[in-house]
Amino acid sequence: MKTRILAAIPIAIILIAALIFQSWLLFGLIVVLSFIAQHEMLCAVSAKGDKAVSVVPYVLCAAVPVILYFNLGFELLMIAIVLAVIALFLITMFSKKYDYRSFRNSLVALIYPEVFFIFIYLTVFKYTSMEWIGANPYILLLGIITTVFCDSAAYFVGRAIGKHKLCPEISPKKTVEGAIGGALGGVVAGFLIWLLFGSGITGLSYDMPLWLSLV
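Structural notes, computed from the coordinates. Within every chain, residues take consecutive numbers counted from 1 along the sequence as written. Where local features are concerned, this predicted model is filtered to residues with pLDDT of at least 70; where side-chain atom pairs are given and counted, the filter is 80 or more; whole-chain, interface and lining totals use all residues. Values shown for side chains rest on all heavy atoms present in the structure; no hydrogens or waters enter the calculation.

## A look at the overall build of the protein chain
Moving on, step 1. Strands here are runs of E lasting at least two residues and helices are runs of H or I lasting at least four, both read from the DSSP assignment and numbered beginning at the N terminus. Along the protein chain, the regular secondary structure elements total nine helices and two strands.
Moving on, step 2. Burial classes: relative accessible area under 20% of the type maximum marks a residue as buried, over 50% as exposed, and values in between as partly exposed (1.4 Å probe, protein chains only). Taking all 215 residues of the protein chain together, the buried fraction comes to 33%.
Moving on, step 3. In this description, contact between two residues means that some pair of their heavy atoms is separated by no more than 4.5 Å. Long-range contacts, defined as pairs at least 24 residues apart, comprise 59% of the intrachain contacts of the protein chain with a sequence gap of at least 6.
Moving on, step 4. Working definition of accessibility: Shrake-Rupley area with a 1.4 Å probe, residue cover restricted to the visible protein chains. For the protein chain, the accessible surface area stands at approximately 13,300 Å², while carbon and sulfur atoms represent 74% of it.

Given below as structure tokens:
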């Protein structure tokens, strides 16, 4: 736990600085995080010895922010994703180095997490013109802080009272009690963020009702 906390401190400082200064710092941070997430996913799908075509997901990872930042069009973004899938299919079909499992692994790594990063990019750009408008701290924090609260609550509740295994084949240490605690932790985080940014109590009011923040 001490290691986790020490590792989280510099990450939190960088995130807060990015949200305050925004512009290129925040955009660059998102790009870096997308590459880190892509690398982690490729490692995860290949953990049991199956191979994955890593070059295609990395290329798409680099192409997505370029297409969005320069407003090259949503159609080009969809074309890039389709071409990436076709490239994976052709490489795994014609190369003796890969098999059908390689295509499956590569496709999973391609879709998750890169497709979801598209939505993160779109929260910091006005999609109609792609002009930099700064990040909406309420929306970004809602996604980030609720995840942190969820994971932390799941960990502590699971350690304290967890008895019933959630899915031992995938993650032996996770429990049903931890999962319930994590869900409740996320709801608490949603309420706190709404209280700070959505209720008007701090003067920073964003148009999102409490019920939606809790959901």
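## Thoughts on the nonpolar core
One recurring pattern in soluble globular proteins: nonpolar side chains tend to sit buried together.
Moving on, step 1. With 25 residues, the main nonpolar core has Leu60, Val64 and Tyr121 as its most contacted residues.
Moving on, step 2. If you list the elements that add at least two residues to this core, you get helix 1 (2–21), helix 2 (23–45), helix 3 (55–69), helix 4 (74–94) and helix 6 (114–123).
Moving on, step 3. Dropping the residues within four chain positions of it, Tyr121 is found in contact with Phe27, Ile30, Val31, Ser34, Val64, Pro65 and Leu68.
Moving on, step 4. Nine residue types can take part in a nonpolar core, namely buried Ala, Val, Leu, Ile, Met, Phe, Trp, Tyr and Cys, and a core is a set of them joined through side-chain atoms within 4.5 Å. The next biggest cluster of nonpolar side chains, apart from the first, holds seven residues, and it includes Tyr138, Leu141, Leu142 and Phe197.

## So, the packing of aromatic side chains
Moving on, step 1. Classification of ring pairs uses Phe, Tyr and Trp, with its six-membered ring standing for Trp, and accepts pairs whose centres are within 6.5 Å; under 30 degrees between planes counts as stacked, over 60 as edge-to-face, and the remaining range as tilted. With the rule as written, the count across this model stands at eight aromatic pairs.
Moving on, step 2. Members of the aromatic cluster, joined through ring pairs, are Phe27, Tyr69, Phe70 and Tyr121.

## Brief notes about the pairing of strand 2 (residues 171–175)
Moving on, step 1. Of the pairings in the sheet, the one linking strand 1 (residues 165–167) to strand 2 comprises two bridges and is antiparallel in character. Within the sheet, the bridge partner assigned to Lys165 lies in strand 2 and is Thr175.
Moving on, step 2. Two strands qualify as a pair provided DSSP detects at least 2 bridges between them. Connecting the antiparallel pair strand 1 and strand 2 is a turn made up of three residues.

## A word on the side chain of Thr175
Moving on, step 1. Looking at where Thr175 falls in the secondary structure, it is placed in strand 2.
Moving on, step 2. Only 3.0 Å separates the side chain of Thr175 from the backbone nitrogen of Gly178, close enough to count as a polar contact. Any pair of nitrogen or oxygen atoms within 3.5 Å is treated as a polar contact; in protein, a donor-acceptor pairing is required on top of that, and neighbouring residues in sequence qualify only through side-chain atoms on both sides.

## What about helix 3?
Moving on, step 1. Taking 1.5 Å of rise per residue, 15 residues should cover 21 Å, and helix 3 covers 22 Å from first to last C-alpha, within 8% of that figure.
Moving on, step 2. Every buried residue belonging to helix 3 is among Val56, Pro57, Leu60, Cys61, Val64, Pro65, Ile67 and Leu68, and all of these are buried.
Moving on, step 3. Just beyond helix 3, the residue with positive phi is Asn71, at close to 50°. What a helix should span is 1.5 Å times the count of its residues minus one.

## Quick word on helix 6
Moving on, step 1. When helix 6 is considered as a whole, its buried residues turn out to be Glu114, Phe117, Ile118 and Tyr121. Each buried residue of helix 6 sits inside an arc of 120° when the element is viewed along its axis, so together they form one side. Our arc is simply the arc of the directions from the helix axis toward the C-beta atoms.

## Topic: the packing of helix 3 against helix 6
Moving on, step 1. Two elements in contact, helix 3 and helix 6, have axes separated by 10 Å at closest approach and are oriented at 25°. Considering the angle they form, helix 3 stands roughly parallel to helix 6. Viewed along their axes, helix 3 and helix 6 form a crossing whose handedness is right-handed. Every residue of helix 6 that contacts helix 3 at Leu60, Cys61, Val64, Pro65 and Leu68 is listed here: Glu114, Ile118, Tyr121 and Leu122.
Moving on, step 2. We call Asp, Glu, Lys and Arg charged. Ala, Val, Leu, Ile, Met, Phe, Trp, Tyr, Cys and Pro are nonpolar, and the rest, Gly among them, are polar. Tallied by class, residues from the contact of helix 3 with helix 6 come to eight nonpolar, no polar and one charged. Note on method: axes are straight lines fitted to C-alpha atoms, helices fitted across the in-contact stretch only, with angles between N-to-C directions ranging 0 to 180 degrees. Convention used here: angles under 35 degrees read as roughly parallel, angles over 145 as roughly antiparallel, angles from 65 to 115 as roughly perpendicular, and any remaining angle as oblique. By definition, turning the near helix anticlockwise from the far helix through less than a right angle yields a left-handed crossing, and turning it clockwise yields a right-handed one.

## Examining the side chain of Ser106
Moving on, step 1. With respect to the secondary-structure elements, Ser106 resides in helix 5 (residues 100–111).
Moving on, step 2. Owing to a relative accessible area of 0%, Ser106 belongs among the buried residues under this scheme.
Moving on, step 3. Of note is the side chain of Ser106, whose polar atom sits 2.6 Å from the backbone oxygen of Ser102.
Moving on, step 4. Excluding residues within four positions of it along the chain, Ser106 makes contact with Ala52, Val53, Pro57 and Leu88.

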